[in-house]
Amino acid sequence: MSESPTPVWDGPTRLFHWALAILVLVAWLTAGEQMTLHRGAGYAILGLLAFRVWWGFAGGSTARFSQFVRGPSAIRAYLSASRQGHAPERAGHNPLGALSVIALLGLVALQAGLGLFAIDEDGFEGGPLSDRIDFDLARQIAEWHELSFRLIQALVVLHLAAILYYVFRKREDLLRPMVTGVRRFSGPVQGLVRAPLWRLAVGVGIGLAVAFAASRGFKLG
Amino acid sequence: MIPSRRLLSAAVCAAALALAGGAALAAVNAKAVIETREANFKSMGKAMKAMNDGLKADTPDMAAIAANAATIRGFAPKISTWFPKGTGPEAGVKTEAKAEIWTDPAGFAAAASRLEPEITKLEALARAGDVAGARAQIRMVGGTCKGCHDKFKQD
Ligand code: HEM
Ligand code: HEM
C-alpha cells in the first residue's frame, strides 16, 4: 500500500454523493411535517439525479455508466477472483457494487417521481402534479411513495454494511476516497480521467433546469 | 323443583345466546360504522383536494370551491358521533382510529370542534369571491384535519 495516491472520484461525483445523502435525510425527516421543505429537498434530488445521468455519460471516467455497469459474467468473474483474494484493483465501482449504485439511483428517482403525484390524506399537502389525478389515485401513489422509501432504507443499510465489510474484512477503505477523491493502491492502477469543465457547466445547467421545472410542476409560463 | 331449575337453565341459555348474538351484531355494526365513517372522511379528502386544485388556478371557480366547502361543513359537526365505543382497534376490523379517541374523549371532541368554524369561514370567503382570503383560510382548515390525524389516527 505504498503506491502514490491515485485520483479515483472527481469533485462533482463526490459532491453529488454527499448532497444526495444529506437531501435524502432531509426528505425523510421532513416527510409529513415540513412539507414545503420536503418538496424542496425532493426537487433538489431530482436536479441532482438529472445531473448524475448526464455525468454518467459525459463525466469523469469513473462516473461513467459504461465503466461500471457490467453484465452478470463480469460480476461472477469479480466474485470468484475476489474470493481467491486477487480481484484486480481498479479506480471506480467494482462490478458488484455497481448493482447497488444502479439500484440506489433508480429507487431514489422512483421515490421522487412518485412524490410529484402523491397527496396526504387531508387532500391538502401534495406534489405539484397531484392536481392532474384524482384523490384515490394520488393516495395510492402516496402509499407506493412510502413503500419505496422502505426499500431505500433497506438499500442504504446494505450500502453502509457493504462499506463496513470492505473496511473490516477486505481492508479496503472506500469511504476516504469518496471524501478526498484519491486512493492508494498496492500497484499501478489507471486513475480517473477527468472531464473538461464545460461538461460540468452543462450538467449543472441541466440539474438546475430540472429542479426548477419540477418545482413548477413542469408547467410552462 | 325441577321446573324452576329448567327455567333457570333456559334463562341462562337465552342470556348466553343473547350475549353471543349481541356480540355478533355489534361486530357487524362496528364494521358498518367504520366503513361508513371512512367513506365520509374520503369524501372530505376529495373535497379538500378539489378546493386545493381549484385554488391553484389564476381565476379559481369560487362557486365550486364554496360547494366543496359546504360538503365538508355538512360532515364537520357529525364527526364526533362516528366513533361509538367498540369501533376502535379492538373491533377486529381494519381501522386507523387510535385507542386515544376513547381514552381522551375531551381531547378528541376538542379536535373535532375545531373544524366547523374554520370550514364555515372558508365557505363564506368562497361565496364572497375572496380568492386570496380562501387561499389563506384553506391552510387553517387543512391544519385542523392534520391536528386531529396526528393525535388520533394511525400513521
Ligand atoms: C427522494 C426524495 C424523497 C423521499 C426520501 C421522500 C420520503 C417520504 C416519506 C418517508 C414520506 C412519509 C410517508 C408517510 O408516512 O405517509 C413522504 C410523504 C410525502 N412526500 Fe415524499 N419523499 C421524497 C420526495 C418527494 C417529492 C419530490 C415530493 C413532491 C414534490 C414528495 C411529496 C410527498 C407527499 C405529498 C407526501 C405525503 C403523503 C402522505 O402523507 O402519505 N416527496 N415522503
Ligand atoms: C453517511 C452515509 C453514507 C456513506 C458513508 C456512504 C458512502 C459511500 C461510499 C464510500 C461510496 C463509494 C462506493 C465505491 O467505492 O464503489 C458510495 C457510493 C454511492 N452512494 Fe453512498 N454513502 C452514504 C449514504 C448514501 C445515501 C443515503 C445514498 C442514497 C440514497 C447513497 C448513494 C450512493 C450512490 C448512488 C453511490 C454511487 C456514487 C456514484 O457513482 O455516483 N449513499 N457511498
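Residues numbered from 1 in each chain as written. Chains lettered and ligands numbered in written order. Predicted model: local features only at pLDDT ≥ 70, side-chain atom pairs only at ≥ 80, totals over all residues. Heavy atoms only, no water.

It is worth spelling out the site of ligand 2 at this point. Residue and element names in this part refer to chain A. Not every one of the 21 residues close to ligand 2 is listed here, only the nearest: His17, Arg52, His93, His159 and Ile163. Separating a nitrogen atom of ligand 2 from a side-chain N or O atom of His17 is a distance of 2.7 Å. Between an oxygen atom of ligand 2 and a side-chain N or O atom of His93, the distance comes to 2.6 Å. Looking at the shell around ligand 2, the elements with two or more residues in it are helix H1 (11–30), helix H5 (95–115), helix H6 (135–168) and helix H7 (175–180). Ranked by residue count, the leading element in the shell around ligand 2 is H1, at seven residues. (Near = heavy atom within 4 Å. Polar contact = N/O pair within 3.5 Å; in protein donor to acceptor, adjacent residues only side chain to side chain. Helix = DSSP H or I, 4+ residues; strand = E, 2+ residues; numbered from the N terminus.)

In a soluble, globular protein the nonpolar side chains are often hidden away together inside. All names here are of chain B. Residues Met48, Met51, Ile72, Leu115 and Ile119 are the most contacted members of the largest nonpolar core, which totals 30 residues. Of all elements in the fold, only helix H1 (2–56), helix H2 (62–75), helix H4 (105–113), helix H5 (115–127) and helix H6 (131–152) reach the threshold of two or more residues within this core. Setting aside its immediate chain neighbours within four residues, Met51 contacts Ile65, Asn68, Ala69, Ile72, Ile119, Leu122 and Ile138. (Core = buried A, V, L, I, M, F, W, Y, C linked by side-chain atoms within 4.5 Å. Buried < 20%, exposed > 50% of the residue type's maximum accessible area, 1.4 Å probe, protein only. Contact = heavy atoms within 4.5 Å.)

Residue and element names in this part refer to chain A. Around the iron atom of ligand 1, the protein contributes the donor atoms His38 (NE2) and His145 (NE2), which lie 2.0 Å from the metal centre. Of note is the iron atom of ligand 1, whose six donor atoms meet at the metal with angles of 83 to 179° in an arrangement that counts as octahedral. With His38 in helix H2 (residues 35–58) and His145 in helix H6, the pair connects residues that are 107 residues apart, well separated along the chain. The pair formed by His38 and His145 is uniform in burial state, with each residue classed as buried. (Donors = N, O, S within 2.8 Å, 3.2 Å for Na, K, Ca; no water. Tetrahedral: all angles 85-135°; square planar, octahedral: opposite > 155°, others 65-115°.)

Residues and elements named next belong to chain B. Relative to the assigned elements, Thr144 resides in helix H6. Within the structure, Thr144 has its side chain in polar contact with the backbone oxygen of Val141 (distance 2.7 Å). Here Thr144 is in contact with Arg114, Leu115 and Glu118, once residues within four sequence places are set aside.

With that out of the way, let us pick up the coordination of the iron atom of ligand 2. All names here are of chain A. Protein coordination of the iron atom of ligand 2 is provided by His17 (NE2) and His159 (NE2), with donor distances spanning 1.9 to 2.0 Å. Each of the six donor atoms around the iron atom of ligand 2 contributes to a set of angles spanning 86 to 179°, which defines the coordination as octahedral. Separated by 142 residues along the polypeptide, His17 in helix H1 and His159 in helix H6 bring together distant segments of the chain. Classification of His159 by relative accessible area gives partly exposed; the value is 23%.

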